[in-house]
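Below are the chains, spelled out letter by letter.
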Amino acid sequence: QNNKKNYNINIESTKTREIVSKDSKGDPVKFEISILVEYKILNNNNTLLDTKIEKKNIYNNDSDPFKLEQTENIILQNLSESVGDAIISSIINLDDN
């Protein structure tokens, strides 16, 4: 028996980077990266799920721009993997219902 199900997933994402604290000179000390993902899961043009996921991470500034960029890339990768896991879990939960 063929138990395959086909889903269409529409995904929109935004990334923001904000300063969350500054030192006495006004220079950034801590940043926050936030990823907001809005997605819809459809089957045969019927919306099965329409939801949002937001993941955030606060991290320290680094005087070395290269190290700061590396840190941000690692954080973005980890946040993206977490969002991906959440989307996969929501699909699995649809199959369980």
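First, a word on scope: everything that follows refers to the structure included in this document. Residue positions are given per chain, counted from 1 along the sequence in the order it is written. Local features in this predicted model are restricted to residues of pLDDT 70 or higher, and side-chain atom pairs are both shown and tallied only at a pLDDT of 80 or more, whereas totals for entire chains, interfaces and linings draw on every residue. Side-chain numbers come from the whole structure's heavy atoms, not from hydrogens or water.

## Examining the overall build of the chain
This is how the line gets drawn: Under the DSSP-based scheme used, a helix requires at least four consecutive residues in state H or I and a strand at least two consecutive residues in state E, with every element numbered from the N terminus. Note on exposure labels: buried denotes an accessible area under 20% of the residue type's maximum, exposed denotes more than 50%, and partly exposed covers the range between, all computed with a 1.4 Å probe on protein chains only. The contact definition used throughout considers only heavy atoms, calling two residues in contact when any of these lie within 4.5 Å. Accessible surface area values rest on a Shrake-Rupley calculation with a 1.4 Å probe, where residue burial reflects the displayed protein chains alone. Lys and Arg are tallied as positive, Asp and Glu as negative. Neither His nor the chain termini are counted. Lys charges are placed at NZ, Arg charges at CZ, Asp charges at CG and Glu charges at CD.
Helix and strand counts for the chain stand at one helix and three strands. Ordering the α and β elements of the chain from the N terminus gives β-β-β-α. For the chain, the spread of C-alpha atoms along the three principal axes comes to 65 × 20 × 15 Å. Taken across its 97 residues, the chain has 23% of its residues classed as buried. Sequence-distant contacts in the chain: of pairs separated by 6 or more residues, those separated by 24 or more amount to 54%. As displayed, the chain has an accessible area near 7,200 Å², and 43% of this comes from carbon and sulfur atoms. Placing the 12 positive and 16 negative side-chain charges of the chain at their respective mean positions leaves the two points 1 Å apart.

## As for the pattern of salt bridges
Where we set the bar: Just to be clear on terms, a salt bridge is a Lys or Arg side-chain nitrogen sitting within 4 Å of an Asp or Glu carboxyl oxygen.
Applying the stated criterion across every chain yields a total of one salt bridge. Between Arg17 and Glu72 there is a salt bridge, with the nearest N and O atoms lying 2.7 Å from each other. Here Arg17, found in strand 1 (residues 8-22), pairs with Glu72, found in helix 1 (residues 65-96); they are 55 residues apart in sequence, far enough to count as distant. Residue classification places Arg17 among the partly exposed positions, given a relative accessible area of 43%.

The values are spatial; any link to function lies outside them.
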